[in-house]
Amino acid sequence: MSTATEIKLLTLLNVSAVKRPRELDLPGGHRGSPSFSKTPSLVLESEDGQEPSKKRRKSVVFGGEVGPSGSTFGKKGKGKAKKVEISESNGIADSAKDVIANGHGEGNEDVFEEDDESGDEGESSNSVNNDMFNLHFGANPPIHTKEAVEMAEEHKWKSERKALKGFGRVVELSALSAEAMPADVKTRITPSIGSALEASSSTTTTPLLSTSLSYLGTYKDFYLHSLDGEAEGSEPQIVGEQKEAMRKAAVVHALNHVLKTRRRIIRNNEKLAHAASSDNPSSIPEPPRDQSFTRPKVLLLLPFRSLALHYIKTHLLPLAPTGTQIENQRPFLTSFSLPEGEEDPLASSSASKDFPVDHLVNFKGNSDDNFRFGIKFTRKAWRIVMPPANEEKLLDCDILVSSPLGFKMAAEKEDSTDLLSSIEVLIADGLDTMAMQNWDHVQFIFNNMNKIPKSPHGCDFSRVKPWYLEQQAQYLRQTILLSRYDTPESRALFNRHCHNLQGKIRLERTDYEGVLGRVRSGVRQVFERIDLEGPKALNGSAAVEEMDTRLEWFTKKTIPALLRSAISRQNTLIIVPSYFDFVRVNNYLRKNDVFTYVSISEYSSNAEISKARTLFFKGKKSFLIVTERFHFYRRYKIRGAKTLVFYSLPDHAQFYSEFLNTPFLGSKGQGEVEVDEAEVSSRVLFSRFDALKLERVVGSVNARRLLTSGEGRFEFI
């Protein structure tokens, strides 16, 4: 540990000791240990201020809530009393095995097993080593070794390609040898979740859900994309079985993790409270290493309120045990749905004719991208901490749900990212949509994950796990990334910020068919490869050099070629992927005054968009420049174009075919117009850095030929 880190930790320890003496610590919370003396904080008082009778069972405090009473530590008949405790603490019958038998584990030997409520700190039970939760997030995980950490830091992962049942071909990366990994260890499911799954098995349980649960139960990192054929815009299965099964499994897995963490701390608090209240000083154990800096353990990162509503309403709330009170449920549903009295234009029957299915899925409902809230679990209630919630309120939650924008704005306002200091399960769904919002917000969150907090927040450092104090939490955090398609930005997150020593798995597809078949036959499509020559091809900053080379290619080769043709020198639509490139192209054209043009982007007003589209359609402006993000948010059908130039291929393959079909679209209600296919053409610039985009557009086989062929120009008709 560096000297700076040691000083910071010592400062936090001193501040914590000054702000709250040890005698006033409360068990649980954020998270103080009970004092090892008889203090009023450990003894319940009756209404008249007297101590209760000895027959009355003691309770403990967890985060301001009274924990499960009736501790059986030190009493006889532990096995019998233990069953009662399970029933009291979870409020349901112990029926997880029945759940598995009723379809959750059918045909899959690796499904979650029932949690038998053992495995607490200090217990010598075989189940401690048979539960992946206890092994992976214990005080001394077997995989957390110096050699493994060094391999992860140096990105020396062992790669292996295999087939993942239910999802296809994957690449598995491991920092350890197969012999060093725990064998035949499964994550046990808590009885309360098992009972809820059993109750919903007739409608929501599928074999793929069981398979997904078994994968997530290994606590490995996952980067899954192109589920249900999404990368190629497969409309009939735009949100199909694979994605919904993984979403459901992720929620079940996250809730299981939170409940196990909460139960472990409560039971350890009961042990310490029982030992502290006894007259035998020798019975006082050492404080268990079972806690972290702050309480939030799960972060659910989502792009829109509508998706957050879907996760909570469809997947999380049905898991609540019978009799559980859901606090703030009605305000939450109101806030994350459309305002009362407002109609959703995408919910109408005609919307399916005007917009593609993926657009309806993304923007149907409340598409606000600025939110941050939390969920707190107690024995009898689940509390949704509604936005706007400050850091102090969210520190008392177990699960954080936020958009990238919402979290970054709040963190900058509070000048703190302490909420991320103890995240152990990170679920990011919709990375493709987040890339269309602002990728810097996503990077901000990942760059601040698992840092030592600026303030102690009432933390009891004597119970913090050693790997938290050593800034090693990032090597045990599980990250689950879900995206509609594979992108370099998402891969960078997976490669640079996923250091899980348990291993990480990335879905790999090599069988894309492409979308060229959706383009009308007879349209001439020209693909030009931009090759880096000389030192640029070998330079480590080749990706940066490629952007300059692309602009140079576009201005010195593409534009002159367009102006030489009588057809392409007018009615030409130029599609630019990023706003950065859009600004560069605009600046060049404005400075050199090569031709008349108009441009619109995602930041253009409705008036600017309407004016530009009218001038282009009537031929008063020869060229129209648009961004991919503009098309993503608006999905306007721009008429009047006969030549389409792709400055770079769009990330969404379906956009390519949509743009090439616009020349044949008439005005609203007129259907298609008569246009000779020979008059319509496209010109695409690509480089080796566009390999992921290219294979989604032209197919995996054609992409390999375009990238490796000695020729640099290719035509499809």
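Residues numbered from 1 in each chain as written. Predicted model: local features only at pLDDT ≥ 70, side-chain atom pairs only at ≥ 80, totals over all residues. Heavy atoms only, no water.

As named in an unreviewed UniProt entry, the protein chain is U3 small nucleolar RNA-associated protein 25, taken from Kwoniella mangroviensis CBS 10435. Looking at the Subunit (unreviewed entry) heading of the UniProt record, one finds this comment for the protein chain: "Component of the ribosomal small subunit (SSU) processome composed of at least 40 protein subunits and snoRNA U3." Among the UniProt annotations of the protein chain, the heading Sequence similarities (unreviewed entry) holds the following wording: "Belongs to the UTP25 family." (UniProt positions renumbered as here; feature names shortened; annotations may be inferred.)

Participant: Explain the packing of aromatic side chains to me, using residue names and the numbers behind them.
Facilitator: All told, the structure shown has 28 aromatic pairs when counted by the stated rule. Between Phe630 and Tyr636 the ring centres are 5.8 Å apart and the planes differ by 75°, which places this aromatic pair in the edge-to-face class. Its relative accessible area of 27% is what places Tyr636 among the partly exposed residues. Ring centres of Phe646 and Phe659 lie 6.1 Å apart, and the angle between their planes is 75°; on these two criteria the pair is classed as edge-to-face. Placement of the pair is Phe646 in strand β20 (residues 643–646) and Phe659 in helix α24 (residues 653–661), with a sequence separation of 13 residues. Take Phe646 and Phe659: they sit in the same class, and that class is buried. Members of the aromatic cluster, connected to one another through ring pairs, are Phe133, Phe137, Tyr219, Phe293, Phe461, Trp467 and Tyr468. Sitting over the face of the ring of Phe494, Lys504 holds its NZ or CZ atom 4.9 Å from the ring centroid. Above the ring of Phe617, the side-chain terminus of Arg639 is found at 4.2 Å from the ring centroid. (Phe/Tyr/Trp six-rings, centres within 6.5 Å; stacked < 30°, edge-to-face > 60°. Buried < 20%, exposed > 50% of the residue type's maximum accessible area, 1.4 Å probe, protein only. Helix = DSSP H or I, 4+ residues; strand = E, 2+ residues; numbered from the N terminus. Lys NZ or Arg CZ within 6 Å of the ring centre and 35° of its normal.)

Participant: Residue-level account of the nonpolar core, with values.
Facilitator: Of all hydrophobic cores here, the largest spans 110 residues; its most connected members are Phe167, Phe373, Trp382, Val401 and Leu481. With 10 residues, the top contributor of residues to this core is helix α8 (residues 241–277). Residue contacts for Leu481: discarding those within four places in its chain leaves Phe222, Tyr223, Leu224, Ala428, Leu431, Phe446, Ser490, Leu493, Phe494 and Cys498. If you look at the next biggest cluster of nonpolar residues, it comprises 46 residues, including Val519, Leu615, Leu649 and Phe716. (Core = buried A, V, L, I, M, F, W, Y, C linked by side-chain atoms within 4.5 Å. Contact = heavy atoms within 4.5 Å.)

Participant: Describe the pattern of salt bridges, listing the residues and the values that go with them.
Facilitator: Counting across every chain of the model gives 34 salt bridges. Among the ionic pairs, Lys162 bridges to Glu172, the shortest N-O distance being 2.6 Å. Taken as a pair, Lys162 in strand β4 (residues 158–164) and Glu172 in strand β5 (residues 168–174) lie far apart in primary sequence, 10 residues in all. On the basis of relative accessibility, which here comes to 33%, the residue Lys162 falls in the partly exposed class. The partner of Arg295 in a salt bridge is Asp398, and the shortest N-O contact between them spans 2.9 Å. Here Asp398 lies in the loop between α13 (391–394) and β12 (399–402) and Arg295 lies in the loop between α8 and β8 (298–301), a separation of 103 residues in the sequence. (Salt bridge = Lys/Arg side-chain N within 4 Å of Asp/Glu carboxyl O.)

Participant: Quick rundown of the packing of helix α20 (residues 542–564) against helix α21 (residues 579–592)? Include the residues and the values.
Facilitator: Relative to each other, α20 and α21 sit at 40°, their axes nearing to 11 Å. When the axes of α20 and α21 are compared, the pair comes out oblique. Between α20 and α21 lies a crossing whose hand is right-handed. Two secondary-structure elements touch here, α20 through Met547, Asp548, Leu551, Phe554, Thr555 and Ile559 and α21 through Phe580, Arg584, Val585, Tyr588 and Leu589. (Axes fitted to C-alpha atoms, helices over the stretch in contact; angles between N-to-C directions. Parallel < 35°, antiparallel > 145°, perpendicular 65-115°, else oblique. Left-handed = near helix turned anticlockwise from the far one by under 90°.)

Participant: Mind laying out the sheet that holds strand β17 (residues 572–576), listing which residues take part and the relevant values?
Facilitator: The strand order across the open sheet formed by 7 strands is β18-β19-β17-β20-β21-β16-β22, and the pairing between neighbours is mixed. The sheet terminates laterally at β18 (597–600) and β22 (713–716), the two strands that pair on one side only. Within the sheet, the average angular offset between the axes of one strand and its neighbour, ignoring direction, is 15°. Relative to strand β21 (residues 681–686), β20 is paired through 4 bridges, and the arrangement is parallel. In the strand pairing of β21, Phe646 is matched with Val684. Running over the sheet, α24 touches β16 (524–529), β17, β19 (623–627), β20 and β21 and is turned about 155° from β20. The strands touched by helix α26 (residues 700–708) within the sheet are β16, β21 and β22, with β22 carrying the most contacts at an inclination of about 150°. (Pairing = 2+ DSSP bridges.)

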